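Remarks on the overall topology
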Amino acid sequence: MADAEDVRRLALALPHVVEIDSEGFDFRVGDRGFVWSYPERRPGRPRAIRTDIAVLYVGDEAEKQALLLGEPEAFFTTPGYDGMPLVMLRLAMVNVDRLRELVTDAWRMRAPAALAGDLADGPNRLD
């Protein structure tokens, strides 16, 4: 079972990552967000930052739909994210290895080309 500290550890192990000051977690590469805490919006109430849920960049609508349909217990979306290549991940529904894969993939899709080559693909890079 993964948690917010696992997100932080995995994201910061990637090259050129900056953590933005926030109520939860918010990570960028080349000024592009790739994983952050879910800002839950509730009608008539203030927004709540959910550190048990990560918002992940997934690249395109096809990948988003594949995750939503293939692992509905782990992934979900809301109308506010319609048309955006983003999914919400219930951290407690994945193990750290799966989280590592998702965070690294999000980083790869968001890292500018000039920085993307700095990610070593060796097996121990993100351990």
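Residue numbers run consecutively from 1 along every chain, following the written order of its sequence. With the structure being a predicted model, the display of local features is reserved for residues of pLDDT at least 70 and the display and counting of side-chain atom pairs for 80 or more, all residues being used for whole-chain, interface and lining totals. Values reported for side chains reflect all heavy atoms of the structure, with hydrogen atoms and water molecules removed beforehand.

Points about the overall build of the protein
- Helix and strand counts for the protein come out as 4 helices and 6 strands.
- The way it works is that DSSP assigns letters per residue, a run of H or I at least four long becomes a helix, a run of E at least two long becomes a strand, and they are numbered from the N terminus. Along the protein, from the amino end to the carboxyl end, the secondary structure elements read α-β-β-β-β-α-β-β-α-α.
- For the radius of gyration, the atom set is restricted to C-alpha positions; the globular benchmark scales as 2.2 Å times the number of residues to the power 0.38. On C-alpha atoms alone, the protein measures out to a radius of gyration of 14 Å, which is about the 14 Å that the 2.2 N^0.38 rule sets for 127 residues.
- Judged by the C-alpha coordinates and their principal axes, the protein covers about 45 × 30 × 30 Å.
- Using a 1.4 Å probe on the protein chains alone, a residue whose accessible area is under 20% of its type maximum counts as buried, one over 50% counts as exposed, and one in between counts as partly exposed. By the burial criterion, 43% of the 127 residues in the protein qualify as buried.
- Considering only contacts within the protein whose residues lie at least 6 apart along the sequence, 50% involve residues at least 24 apart.
- Of note, the protein has its 16 positive side-chain charges centred 4 Å away from the centre of its 22 negative side-chain charges. Should any heavy atoms of two residues lie within 4.5 Å, those residues are counted as being in contact. By the counting scheme adopted, Arg and Lys are positive, Glu and Asp are negative, and His together with the chain ends is not counted. Just so you know, the charge point we use is NZ for Lys, CZ for Arg, CG for Asp and CD for Glu.

Considering the sheet that holds strand β6 (residues 86-90)
- Pairs of strands are assigned from DSSP output, requiring at least two bridges between the strands. Ordered by their spatial adjacency, 6 strands build an open sheet running β1-β2-β3-β4-β6-β5, and the pairing between neighbours is antiparallel. Strand pairing shows two members of the sheet lacking a second neighbour, β1 (17-19) and β5 (75-76), which therefore form its edges.
- Pairing of β1 with strand β2 (residues 26-29), which is carried by 3 bridges, proceeds in the antiparallel orientation. Within β2, the position partnered with Val18 by the bridge is Arg28.

Brief notes about the nonpolar core
- Nonpolar cores are built from buried Ala, Val, Leu, Ile, Met, Phe, Trp, Tyr and Cys residues. Side-chain atoms within 4.5 Å join them into one set. Core analysis: the biggest nonpolar cluster contains 39 residues, and Phe34, Val35, Leu89 and Leu99 have the highest contact counts within it.
- Elements with a contribution of two residues or more to this core: α1 (4-12), β2, β3 (32-40), β4 (48-57), α2 (61-70), β5, β6 and α3 (96-110).
- The contact partners of Val35, leaving out residues within four places of it in the chain, are Val7, Ala11, Phe25, Asp26, Phe27, Ala54, Val55 and Leu56.

Brief notes about the packing of aromatic side chains
- A pair of Phe, Tyr and Trp rings is counted when the ring centres sit within 6.5 Å of each other, with Trp represented by its six-membered ring. The angle between the planes then sorts it: under 30 degrees is stacked, over 60 is edge-to-face, the rest tilted. Under the definition given, this model contains 3 aromatic pairs.
- On the numbers, 5.7 Å between centres and 90° between planes, the contact of Tyr38 with Phe76 is edge-to-face. Here Tyr38, found in strand β3, pairs with Phe76, found in strand β5; they are 38 residues apart in sequence, far enough to count as distant.
- Residue class for Phe76 comes out buried when judged on its relative accessible area of 17%.
- Taking the relative accessible area as the measure of exposure, Tyr38 reaches 7% and is therefore buried.

Some thoughts on the pattern of salt bridges
- Put simply, a salt bridge is a Lys or Arg side-chain nitrogen that is within 4 Å of an Asp or Glu carboxyl oxygen. Tallied over the entire structure, the rule returns 10 salt bridges.
- When the shortest N-O distance is used, the salt bridge between Arg8 and Glu19 registers 2.8 Å. A residue pair is termed long-range when its members are at least 10 positions apart, and Arg8 in helix α1 and Glu19 in strand β1 qualify at 11 residues.
- Classification of Glu19 as partly exposed rests on a relative accessible area of 31%.
- The network of salt bridges with shared partners includes Glu5, Arg8 and Glu19.

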